[in-house]
Amino acid sequence: MKRKGFVYFAVIIVVVLLTLVLVGCGGNKSTEYDIVKMTKMDNYELLNETAQHNQVVFIGDSIIELYPTYELFTGKNKRVYNRGISGDTSDRLLERMDKNALNINPDIVYILVGTNDIAKGREHSAIISNINNIIDKCKDKGVSKIIVSGLYPVNKSINSSMVGKRTNKEIIELNNKIESATAQKNVLFSDLTAVLADSDGNFNKDYTYDGLHPNAKGYLEITKTLMPLIFD
């Protein structure tokens, strides 16, 4: 009887672990579009049919999806549409730009992507190529202000499994390459490392709940920096 109980418990554990992997929880999220991500893409496409044009779009991975933009960017003359999808990588974001962002002819686009590429071990050259193509798509659509964000720092001491392969050393290296790419494309680059990092260069514990994603206080600090960059 005890053996059956142990087997039953073991099966539950395996199922839970497999579920976490499939939905992308953990450091090395799958970039494949499962039913959850495809549903989010379809939802954004449907919502864009009635969305206002000439507004602001925030697009990227889970850091954007979790960003409470509707609450934090209030009282402005433009709406901020959040089009983030957890687990997004630069190639996947490139694929969905047209249907999830550019079909509402935004005036301003804020882009944050790349941390999941690092988790997947993708070459920096491939990430930069995708970001360049995303910028080109925005320019072709007549977006007046394109802001590409550098990646946020991480803090392994809070949740090493969530942070996964990401290191601040590689994040800094990639951010330097993103900054160089944006300069060549003549678009804005936003580096929030000085705002979010502690004295050791890690994601400040006051601003993150898992070492990878900002908490409410972190998003407030991010918003303070982005507000004049976006609306001035």
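Everything here concerns the structure above.
Caption draft 1: Looking closely at the overall build of the protein. Tallying secondary structure elements over the protein gives eleven helices and five strands in all. Here the protein holds 232 residues, and 48% of them are scored as buried. Put simply, of all contacts in the protein between residues at least 6 apart along the chain, 75% involve residues at least 24 apart. About 11,500 Å² of surface is accessible on the protein, with carbon and sulfur atoms providing 56% of the total.

Caption draft 2: Geometry of helix α2 (residues 35-47). Between its terminal C-alpha atoms α2 stretches 18 Å, which fits the 18 Å expected from 13 residues at 1.5 Å a residue. Two to three positions downstream of the cap, the backbone nitrogen of V36 sits 3.1 Å from a side-chain oxygen, assigning the N-cap of α2 to D34.

Caption draft 3: Layout of the sheet that holds strand β5 (residues 188-190). The sheet built from five strands is open, its strands ordered β2-β1-β3-β4-β5 with parallel pairing. Of all the strands in the sheet, just β2 (80-84) and β5 have a single pairing partner and so form its edges. Ignoring strand direction, the axes of neighbouring strands in this sheet form an average angle of 20°. Strand direction decides the pairing type here: strand β3 (residues 108-112) and strand β4 (residues 145-149), joined by four bridges, are parallel. Within the sheet, the bridge partner assigned to Y110 lies in β4 and is I147. Its contacts with the sheet put helix α5 (residues 90-100) on β1 (56-60), β2 and β3, and the angle it makes with β1 is roughly 155°.

Caption draft 4: Broad picture of the pattern of salt bridges. Considering all chains together, one arrives at ten salt bridges under this definition. The salt bridge involving K78 is made with D107; its shortest N-O contact spans 2.7 Å. Here K78, found in the loop between α4 (69-72) and β2, pairs with D107, found in the loop between α5 and β3; they are 29 residues apart in sequence, far enough to count as distant. Residues participating in the shared-partner salt-bridge network are D91, D117 and R122.

Caption draft 5: The arrangement of the packing of helix α7 (residues 124-140) against helix α9 (residues 168-185) in detail. Orientation of α7 relative to α9, taken along the N-to-C sense of each, is 35°, at an axis distance of 10 Å. Judged by the sense of rotation from one axis to the other, the crossing of α7 with α9 is right-handed. Together, H124, I127, I128, I131, N132, I135, D136 and K139 of α7 and E170, E173, L174, K177, I178, A181, T182 and K185 of α9 make up the contact between the two elements. Class assignment of the residues belonging to the contact of α7 with α9 gives a composition of seven nonpolar, three polar and six charged.

Cut-offs applied
Residues numbered from 1 in each chain as written. Predicted model: local features only at pLDDT ≥ 70, side-chain atom pairs only at ≥ 80, totals over all residues. Heavy atoms only, no water. Helix = DSSP H or I, 4+ residues; strand = E, 2+ residues; numbered from the N terminus. Buried < 20%, exposed > 50% of the residue type's maximum accessible area, 1.4 Å probe, protein only. Contact = heavy atoms within 4.5 Å. Areas by Shrake-Rupley, 256 points an atom, 1.4 Å probe, with all protein chains shown as cover. Expected span 1.5 Å × (residues − 1). Polar contact = N/O pair within 3.5 Å; in protein donor to acceptor, adjacent residues only side chain to side chain. Pairing = 2+ DSSP bridges. Axes fitted to C-alpha atoms, helices over the stretch in contact; angles between N-to-C directions. Salt bridge = Lys/Arg side-chain N within 4 Å of Asp/Glu carboxyl O. Left-handed = near helix turned anticlockwise from the far one by under 90°. Nonpolar A, V, L, I, M, F, W, Y, C, P; charged D, E, K, R; others polar.

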